[in-house]
Amino acid sequence: VAGAVRDKRMIGLVNVVYEFLAALCTENTKVQNELVVLLACSLSGDGSVAEGNGAGQVDLIRTHVQLENLCPEQLMRALLSQNFKVSSALGRNWGRFILATLNPSHLTSHKGAALLQVLSSMVICNKRPIKAQQDLVRTLIQGNPQQQALLVPEDS
């Protein structure tokens, strides 16, 4: 029981850290870029992305999306929604990952709604559409019947 309480507290702490980081980087491109390198990948000067930082780093944020009760989605939205460089660099990898993670059963869960909001942040940055990201998401959804069900639920 003590381990379960500690685990719940740790999960709560990690989620509070994600909320804090989201608040810290909102509308702050410099902090967004630094957090992306720290938590997800390396960005080159031309805006391209290299997974990890060259030292065996994994995309911590994507790893946490897959863990029950961890909620990095708010931070993901804060990193993507106002930073074209980050959105363009991470959109392809994160878009594929989110669509692979989502399934119709997620539509009734907080996690599914949060992931769809992240996906929205990848296709619109600073209230402007990112056509390449939109095309990628459309292509990925059209190519997978399970993902098509996310947009057009089957009749019950």
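1. Observations regarding the pattern of salt bridges
Taken as a whole, this structure holds 3 salt bridges when the rule is applied. Note that glutamate 73 and lysine 111 form a salt bridge whose closest N and O atoms lie 2.9 Å from each other. Of the two residues, glutamate 73 sits in helix H4 (residues 73-80) while lysine 111 sits in helix H6 (residues 110-123), which places them 38 residues apart along the sequence. Residues aspartate 135 and arginine 138 are paired through a salt bridge, measuring 3.9 Å at the closest nitrogen-oxygen approach. Of this pair, aspartate 135 and arginine 138 both sit in helix H7 (residues 131-142), 3 residues apart, which is roughly one turn of that helix. Its relative accessible area of 27% is what places aspartate 135 among the partly exposed residues. Judged by relative accessible area, arginine 138 falls into the partly exposed class, the value being 42%.

2. Focus on the side chain of lysine 111
Separated by 2.6 Å, the side chain of lysine 111 and the backbone oxygen of leucine 70 make a polar contact. Sequence-distant contacts of lysine 111, that is, excluding residues within four places in its chain, are made with His64, Val65, Leu67, Leu70, Cys71, Pro72 and Glu73.

3. Remarks on the nonpolar core
Counting residues in hydrophobic clusters, the biggest one holds 32 residues, and the most contacted among them are Leu35, Ile61, Leu75, Leu79, Trp94 and Ile98. The leading source of residues in this core is helix H5 (residues 84-101), at 6 residues. Isoleucine 61 has contacts with Tyr18, Leu39, Pro72, Leu75, Met76, Leu79 and Trp94, leaving out every residue within four places of it along the chain.

4. Concerning the packing of H6 against H7
Direction vectors running N to C along H6 and H7 enclose 135 degrees, while the axes themselves pass 7 Å from each other. Relative to H7, the element H6 is oriented oblique. Contact residues: H6 offers Leu119, Met122 and Val123, while H7 offers Gln133, Gln134 and Val137. Of the residues belonging to the contact of H6 with H7, the class tally is 4 nonpolar, 2 polar and no charged.

5. Quick look at the side chain of asparagine 15
Here asparagine 15 lies in helix H1 (residues 2-25). A residue is classified by how much of its surface remains accessible, and asparagine 15, at 13% relative accessible area, is buried. With sequence-adjacent residues up to four places away left out, asparagine 15 is seen in contact with Asn69, Leu70 and Cys71.

Criteria and thresholds
- Residues numbered from 1 in each chain as written.
- Predicted model: local features only at pLDDT ≥ 70, side-chain atom pairs only at ≥ 80, totals over all residues.
- Heavy atoms only, no water.
- Salt bridge = Lys/Arg side-chain N within 4 Å of Asp/Glu carboxyl O.
- Helix = DSSP H or I, 4+ residues; strand = E, 2+ residues; numbered from the N terminus.
- Buried < 20%, exposed > 50% of the residue type's maximum accessible area, 1.4 Å probe, protein only.
- Polar contact = N/O pair within 3.5 Å; in protein donor to acceptor, adjacent residues only side chain to side chain.
- Contact = heavy atoms within 4.5 Å.
- Core = buried A, V, L, I, M, F, W, Y, C linked by side-chain atoms within 4.5 Å.
- Axes fitted to C-alpha atoms, helices over the stretch in contact; angles between N-to-C directions.
- Parallel < 35°, antiparallel > 145°, perpendicular 65-115°, else oblique.
- Nonpolar A, V, L, I, M, F, W, Y, C, P; charged D, E, K, R; others polar.

Coordinates in, geometry out; function isn't part of it.
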